Amino acid sequence: MVKSTTKDARDLFHTLRSAYVATPTNLKIIDLYVCFAVFTALIQVAYMALVGSFPFNSFLSGVLSCIGTAVLAVCLRIQVNKENKEFKNLAPERAFADFVLCNLVLHLVIINFLG
Amino acid sequence: MMNLSRSVALISLFLLPLLSFSFSVDNPTDRRVLVLLDDLSLKSSHSIFFNNLKSRGFDLDFKLADDSKLALQRYGQYLFDGLIIFAPSTERLGGSLDSKSIADFVDSGRDLILSADTSASDLIRGIATECGVDFDEDSSAMVIDHTSFSVSDVDGDHTLIAADDLVKSDVILGKAKIEAPVLFRGVAHSLNPTNNLVFKVLSASPSAYSANPSSKLSSPPQLTGSAISLVSVMQARNNARVVISGSLQLFSDRLIRSGVQKAGSQNQYEKSGNEQFVTELSKWVFHERGHLKAGSLVHHRVGETDEPAIYRIKDDLEFSVEIYEWSGKSWEPYVANDVQVQFYMMSPYVLKTLSADKKGLFHTSFKVPDVYGVFQFKVEYEKLGYTTLSLSKQIPVRPYRHNEYERFIPTAYPYYGACFTTMAGFFVFSFVYLYHK
């Protein structure tokens, strides 16, 4: 029983890996960007756990900028992915333009809230 | 005839302000003293004490205690600055004087020396009780001490005691130490322990007790030991000073001139300590010494000279006050290291000891605490023997304005960094995404 579960896990991992290698490059770039944003957010949460939440607005602003931009990048990925039936009629340039505009608004709000 | 009387009246009108010259804020030593005696022979039997007072510039007015023309006030103005009552057996004072008028006299800030003796009348006891001193209820009791009596006591009943338990205060008893014991013969009194305005200047030794010397003791005496005070002093809250002595003979020439040797001790002194004791005590009670005056409180921010109307929390400020001491003739700068200032709002947030410079200026500097509200600078100085100083000045303290906070908070630098890193990352990402092959 134990051996089959570990073998299943390893098989799953290999399947995922080979499927991922097959994804288009632009989606991989988006994934990398999302990982970077989430990683930055995690560093900030760890720092807050260490030092305390004194300028809470600054903490929220920092974390929100990372999470917000990650969410927007995920939305871009969904809209740009050719395998996604829902957004077949949406031009990828339009999706990218939306992404840029939303990010601009996000960063404006973030800098204001940073204090 | 009419012209003469009219010109005399005019001249006396001009002289009247001079005649009513008494102690004032600028010159606190008393001037005119009324001396009430129950027997005019006291003038000669206590001549050393009275001549000493006269030589120091006091105007003594001797009157019999039951003189019907006695008056302390005329038309609402007090005629005297000090009162000496050497009339222990007088039951009723003459003229307009009674214990209430004497209490009013002290309430007005004027000083009193009261002395009882082997017989103290109810009037004298009443005046003493008003000042917080209780004489022994037994009217025939005297202070007896079988170990601290003077060897020159001729009666042999050990009522002439040689006391040396003096209060330790340079301002009351002078800088020079009184070497010889003080001779005392009279009644005992005690002080209420909760009263913090009276204190003992000359206490009896632990072996003294108060009883009738000519009869056998039927029960243990009520007043014993160091609870017996021989000479006490009260400084009222308005800085009037009262000396209450249980012995009139303490002031007499006979005891001043006599030598003293305490029983059981080898030291024999040619002259008792009485003269020095009564002289120094009279200097203190008539405000020749130990009288303080304070200028106004000055405070300002460090680096400025004007007094601001409001402080901000965590401001640095400097505080100073000037205190002078009356030397009998002039105001000298007061030097002490225990004057303190409080920054007070319901309780002191800051309590600092002021440092004195030799010119009477006491100053310090501190940081306003991190609390806002209406504070007071308070200087409350109550040192034994000195007049009380009670000064205060109110000042509000406000919190930071919105633009007085620090612009960038150091703890938040990682968050600032993260935001800008994210923006840079977005910028780089968009380039890479658009132009990758």
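- As named in an unreviewed UniProt entry, chain B is Dolichyl-diphosphooligosaccharide--protein glycosyltransferase 48 kDa subunit, taken from Camelina sativa.
- In its Pathway (unreviewed entry) section, UniProt records this for chain B: "Protein modification; protein glycosylation."
- On record in UniProt, under Subunit (unreviewed entry), the comment for chain B is "Component of the oligosaccharyltransferase (OST) complex."

- An unreviewed UniProt entry annotates chain A as Dolichyl-diphosphooligosaccharide--protein glycosyltransferase subunit DAD1 originating from Camelina sativa.
- Comment text from UniProt for chain A, heading Pathway (unreviewed entry), reads "Protein modification; protein glycosylation."

## Topic: the sheet that holds strand S21 (residues 311-312) of chain B
Residues and elements named next belong to chain B.
Link 1 in the chain: Taken together, the five strands give an open sheet; going across it, the order is S21-S29-S28-S24-S25, and neighbouring strands pair in mixed fashion. Each of the sheet's edge strands pairs with one partner strand only, and the pair in question is S21 and strand S25 (347-353).
Link 2 in the chain: Both S21 and strand S29 (residues 389-398) contribute to a ladder of two bridges, which runs parallel. Directly across from Arg312, in S29, lies its bridge partner Arg398.

## Considerations on the packing of aromatic side chains
Link 1 in the chain: Per the stated rule, a full pass over the model turns up 33 aromatic pairs over all chains.
Link 2 in the chain: An angle of 5 degrees between the planes, with centres 4.4 Å apart, marks the rings of Phe343 of chain B and Phe375 of chain B as stacked. Of the two residues, Phe343 of chain B is situated in strand S24 (residues 340-345) and Phe375 of chain B in strand S28 (residues 373-381); the sequence distance between them amounts to 32 residues. The exposure classification of Phe343 of chain B matches that of Phe375 of chain B, with both residues buried.
Link 3 in the chain: Cluster of aromatic residues (ring-pair linked, three or more members): Tyr33, Phe36, Phe96 and Phe99 of chain A together with Phe426, Phe429 and Tyr433 of chain B.
Link 4 in the chain: Its end group placed over the ring of Trp284 of chain B, Arg241 of chain B keeps NZ or CZ at 4.3 Å from the ring centre.
Link 5 in the chain: One Lys or Arg, Lys378 of chain B, reaches over the ring of Tyr344 of chain B and ends 4.0 Å from the middle of that ring.

## Quick word on the interface of chain B and chain A
Link 1 in the chain: Taken together, the contact pairs 21 residues of chain B with 32 residues of chain A.
Link 2 in the chain: Buried surface at the junction of chain B and chain A, summed over both partners, amounts to about 2300 Å²; 82% is from carbon and sulfur atoms.
Link 3 in the chain: If you look at where chain B meets chain A, you find zero salt bridges.
Link 4 in the chain: Grouping the amino acids of the side of chain B that touches chain A by side-chain chemistry returns 14 nonpolar, six polar and one charged.

## As for the UniProt feature "transmembrane region" (unreviewed entry) in chain B
Link 1 in the chain: In this structure's numbering, the residues bearing the UniProt feature "transmembrane region" (unreviewed entry) are residues 413-435 of chain B.
Link 2 in the chain: Across residues 413-435 of chain B, the secondary structure splits into 100% helix and 0% strand, with the terminal C-alpha atoms separated by 33 Å.

## Focus on the side chain of Arg398 of chain B
Link 1 in the chain: If you trace the backbone, Arg398 of chain B turns up in strand S29.
Link 2 in the chain: Within the structure, the side chain of Arg398 of chain B is placed 3.0 Å from the side chain of Glu404 of chain B, a separation counted as a polar contact.

## Points about the UniProt feature "transmembrane region" (unreviewed entry) in chain A
Link 1 in the chain: UniProt marks residues 30-50, 56-76 and 96-114 of chain A with the feature "transmembrane region" (unreviewed entry), using the numbering shown here.
Link 2 in the chain: The span residues 96-114 of chain A is 100% helix and 0% strand, and its two end C-alpha atoms sit 26 Å from each other.

## Concerning unusual backbone geometry
Residues and elements named next belong to chain B.
Link 1 in the chain: Although it is not a glycine, Tyr75 sits at a positive phi angle of roughly 55 degrees.
Link 2 in the chain: Positive phi outside glycine occurs at Met346, with the angle close to 70 degrees.
Link 3 in the chain: Within the element layout of this structure, Met346 appears in the loop between S24 and S25.
Link 4 in the chain: Residue class for Met346 comes out exposed when judged on its relative accessible area of 75%.

## Section: the nonpolar core
All names here are of chain B.
Link 1 in the chain: Judged by nonpolar contacts, the single largest core of 73 residues is most densely connected at Phe86, Phe277 and Phe377.
Link 2 in the chain: Here this core gets five residues from one element, more than from any other, and that element is helix H8 (residues 274-285).
Link 3 in the chain: By size, the runner-up hydrophobic cluster in this structure holds 35 residues, among which are Ala116, Leu123, Val187 and Val198.

## A short note on the environment of Leu230 of chain B
Link 1 in the chain: Residue placement: Leu230 of chain B occurs in strand S15 (residues 229-235).
Link 2 in the chain: Filtering out sequence-adjacent residues up to four positions away, Leu230 of chain B remains in contact with Val143, Ile161, Ala163, Phe184, His189, Leu202, Ser203, Ala204, Ile244, Ser245 and Gly246 of chain B.

## Details of the pairing of strand S13 (residues 198-203) of chain B
Residue and element names in this part refer to chain B.
Link 1 in the chain: Burial runs high along S13: five of the six residues are buried.
Link 2 in the chain: Taken together, the two bridges between strand S10 (residues 165-166) and S13 define a ladder with antiparallel strand orientation. Across the sheet, the residue bridging to Leu166 is Leu202, located in S13.
Link 3 in the chain: Across five bridges, the pairing between S13 and S15 is antiparallel. Bridging from a neighbouring strand, Phe199 pairs with Val233 of S15.

## With respect to the packing of helix H2 (residues 25-51) of chain A against helix H9 (residues 413-435) of chain B
Link 1 in the chain: Taken N-terminus to C-terminus, the directions of H2 of chain A and H9 of chain B make an angle of 180 degrees; their axes are 11 Å apart at the nearest point. For the element pair H2 of chain A / H9 of chain B, the angle class is roughly antiparallel. Between H2 of chain A and H9 of chain B, the contacting residues are Asn26, Ile29, Ile30, Tyr33, Phe36, Thr40, Gln44, Tyr47 and Met48 of chain A on the first element and Pro414, Tyr415, Ala418, Thr421, Thr422, Gly425, Phe426, Phe429, Val432 and Tyr433 of chain B on the second.
Link 2 in the chain: Grouping the constituent residues of the contact of H2 of chain A with H9 of chain B by class yields 13 nonpolar, six polar and no charged.

## Points about the state of the cysteines
Link 1 in the chain: Evaluation of the coordinates by the stated rule reveals zero disulfides over all chains.
Link 2 in the chain: With no disulfide of its own, Cys419 of chain B lies 6.9 Å from the sulfur of Cys66 of chain A, the closest cysteine sulfur.
Link 3 in the chain: Residue classification places Cys419 of chain B among the buried positions, given a relative accessible area of 0%.

## A word on the packing of helix H4 (residues 92-114) of chain A against H9 of chain B
Link 1 in the chain: Interhelical geometry of H4 of chain A versus H9 of chain B gives an angle of 165 degrees and a closest axis separation of 11 Å. Taken together, the axes of H4 of chain A and H9 of chain B lie roughly antiparallel to each other. In this structure, H4 of chain A meets H9 of chain B at a crossing whose hand is left-handed. For the pair H4 of chain A and H9 of chain B, the contacting residues are Phe96, Phe99, Val100, Asn103, His107, Ile110, Ile111 and Leu114 of chain A in the first and Tyr415, Tyr416, Cys419, Phe420, Thr422, Met423, Phe426, Phe429, Ser430, Tyr433 and Leu434 of chain B in the second.
Link 2 in the chain: Residues belonging to the contact of H4 of chain A with H9 of chain B are distributed by class as follows: 15 nonpolar, four polar and no charged.

Analysis parameters
Residues numbered from 1 in each chain as written. Chains lettered and ligands numbered in written order. Predicted model: local features only at pLDDT ≥ 70, side-chain atom pairs only at ≥ 80, totals over all residues. Heavy atoms only, no water. UniProt positions renumbered as here; feature names shortened; annotations may be inferred. Pairing = 2+ DSSP bridges. Helix = DSSP H or I, 4+ residues; strand = E, 2+ residues; numbered from the N terminus. Phe/Tyr/Trp six-rings, centres within 6.5 Å; stacked < 30°, edge-to-face > 60°. Buried < 20%, exposed > 50% of the residue type's maximum accessible area, 1.4 Å probe, protein only. Lys NZ or Arg CZ within 6 Å of the ring centre and 35° of its normal. Contact = heavy atoms within 4.5 Å. Buried area = accessible area lost by both parts, 1.4 Å probe. Salt bridge = Lys/Arg side-chain N within 4 Å of Asp/Glu carboxyl O. Nonpolar A, V, L, I, M, F, W, Y, C, P; charged D, E, K, R; others polar. Polar contact = N/O pair within 3.5 Å; in protein donor to acceptor, adjacent residues only side chain to side chain. Core = buried A, V, L, I, M, F, W, Y, C linked by side-chain atoms within 4.5 Å. Axes fitted to C-alpha atoms, helices over the stretch in contact; angles between N-to-C directions. Parallel < 35°, antiparallel > 145°, perpendicular 65-115°, else oblique. Disulfide = S-S within 2.5 Å. Left-handed = near helix turned anticlockwise from the far one by under 90°.

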